[in-house]
Amino acid sequence: MLSALLHVTLPLTFCVMLTRCNLFNAVAVDLTYDHYAERRVDHFPAYLAMPCNSLVNLLYVITGLYWLLRHSDVAEPEQGRYLRQVFAFMSIFYAAVQWTRLAVLQRSPAVLDQWVTLPIFAWVLVWISFIERGPTGWRAWHAAVLELLSVLSYGLALLHERGFEAALGGHVLLAVYKGVRVQVTHGDARTCRYLLLAVLSCSGFVVLKLLDLPLARYWIFQRLTGHFWSKVCDVTQIHFSLCFLTEMTTRTKKTGSKED
C-alpha cells in the first residue's frame, strides 16, 4: 500500500508545482461561479460556497477508501492489488483537487483538476495491459510509459482552446475500446454487466456536465444540478470500473492457475 501511495503522491506533487508556474497561463479554465448552475451561498465558507457540488466529493473519498481497504480475493495477484490500491488513492486525491478548485477558484487548482483526470483514465489502460499480458509478461515500465504519455498529452491544452477536451476524449474512447476488447477475450456475463454500467456512468458524467447550465431551467436540476449528478456518475464510473477490472484480474489469475 505504501508503494501505491508514493506512486500517486509524488507525480501529483510534481504536477502541483508545475501548475503554480506560468506555464499554463494560456490554458482555458473556468474561474468564476457563473460557469456552474448551482447557486452560491454567500454566508457559507468558501469550501462550501456551492454546498452540493462541494460535498459530493466525499463520495470519491468513500469509494476510494472502500476499494483501498477491501479484503483481497485469494486469487488476486500482488500486482493486481497494487493496481487496485493506486486507483483507490487516485479517487481519494481527486476529491481533494476538485474541492480545492471550487473553494478557491484559482488557475492552479483548475488546471490541476483537468490535468489529473487524464492519468486516472490512463490507469484503466495500464490495468487492462496487465490483464492481457498476465503477471509474467507485464512490466512496471509499461505503466510508467503509459502514464507519462497521458500526462504529456495535456500539452494539447496549450496548443488549442479545446485541447484538453480532445485529450480527454481520446482517453475515454481508448479506455472503452480496450475494455470491450478484454471483455470479448476474457469476460463473462458478470464482467459484461460491470463494463456496461461503467460505460453508462461515463456517458452520464460527460453529458450531465456539459448540460449543467441548460438543465438548470428545470426545477429538478436547480439544487442538485447537472454538475452534481455528473460527479455522482463519475463516482459510479470509478466504482464499476474497479468492479470490472478486479473481477477480470481474478478471473485471468484463476484461469492461468488451472492451465498450469
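Residues numbered from 1 in each chain as written. Predicted model: local features only at pLDDT ≥ 70, side-chain atom pairs only at ≥ 80, totals over all residues. Heavy atoms only, no water.

Chemist: Summarise unusual backbone geometry; cite the residues concerned and give the values.
Modeler: One non-glycine residue, L105, adopts positive backbone phi at about 50 degrees. Structurally, the position occupied by L105 is in the loop between α4 (78-104) and α5 (107-137). (Helix = DSSP H or I, 4+ residues; strand = E, 2+ residues; numbered from the N terminus.)

Chemist: Hey, could you go over the packing of aromatic side chains for me, with residue numbers and the actual values?
Modeler: For the coordinates displayed, the defined rule picks out 10 aromatic pairs. Ring geometry for Y60 against Y94: centres 5.6 Å apart, planes inclined by 80 degrees, an arrangement best described as edge-to-face. Within this pair, whereas Y60 is found in helix α3 (residues 57-68), its partner Y94 is found in helix α4, the two being separated by 34 residues in sequence. For the pair formed by Y60 and Y94, the shared burial category is buried. Three or more aromatic residues joined by ring pairs make a cluster, and in this case those are F24, W115, Y154 and F164. Here R193 stacks its cationic end above the ring of Y194, 5.8 Å away from the centre of that ring. (Phe/Tyr/Trp six-rings, centres within 6.5 Å; stacked < 30°, edge-to-face > 60°. Buried < 20%, exposed > 50% of the residue type's maximum accessible area, 1.4 Å probe, protein only. Lys NZ or Arg CZ within 6 Å of the ring centre and 35° of its normal.)

Chemist: With reference to specific residues and values, describe the packing of α5 against helix α8 (residues 163-186).
Modeler: Axes are the key here: two packed helices are described by the angle between their axes and the distance separating the axes. Two elements in contact, α5 and α8, have axes separated by 10 Å at closest approach and are oriented at 20 degrees. Comparing their axes, α8 and α5 come out roughly parallel. Helix-helix and strand crossings are classified by hand; for α5 and α8 the assignment is left-handed. Across the interface between the two elements, Q114, T117, L118, F121, A122, V124, L125, I128, I131 and E132 from α5 touch F164, A167, L168, H171, V172, L174, A175, K178, G179, R181, V182 and H186 from α8. Split by residue class, the contact of α5 with α8 holds 14 nonpolar, five polar and three charged. (Axes fitted to C-alpha atoms, helices over the stretch in contact; angles between N-to-C directions. Parallel < 35°, antiparallel > 145°, perpendicular 65-115°, else oblique. Left-handed = near helix turned anticlockwise from the far one by under 90°. Contact = heavy atoms within 4.5 Å. Nonpolar A, V, L, I, M, F, W, Y, C, P; charged D, E, K, R; others polar.)

Chemist: Could you give an account of the pattern of salt bridges, naming the residues involved and the relevant values?
Modeler: In this structure the tally under the stated criterion is seven salt bridges. Through salt bridges with shared partners, a single ionic network connects E132, K178 and R181. (Salt bridge = Lys/Arg side-chain N within 4 Å of Asp/Glu carboxyl O.)

Chemist: Quick one: what's the story with the side chain of E247, residue by residue and with numbers?
Modeler: For E247, the position within the fold is in helix α11 (residues 226-259). Residue classification places E247 among the buried residues on the basis of a relative accessible area of 19%. Not counting the four nearest positions on each side in its chain, E247 is found in contact with R190, T191 and Y194.

Chemist: For helix α9 (residues 189-210), give the residues involved together with the corresponding values.
Modeler: Residues three or four positions apart in an α-helix share a direction because the helix packs 3.6 residues into each turn. Its 22 residues give α9 an end-to-end C-alpha distance of 32 Å, which sits within 8% of 32 Å, the value for a rise of 1.5 Å per residue. Considered for burial, the residues of α9 that qualify are T191, Y194, L195, A198, S201, C202, G204, F205 and L208. With a side-chain oxygen positioned 3.2 Å from the backbone nitrogen of R190, the residue opening α9 is D188. (Expected span 1.5 Å × (residues − 1). Polar contact = N/O pair within 3.5 Å; in protein donor to acceptor, adjacent residues only side chain to side chain.)

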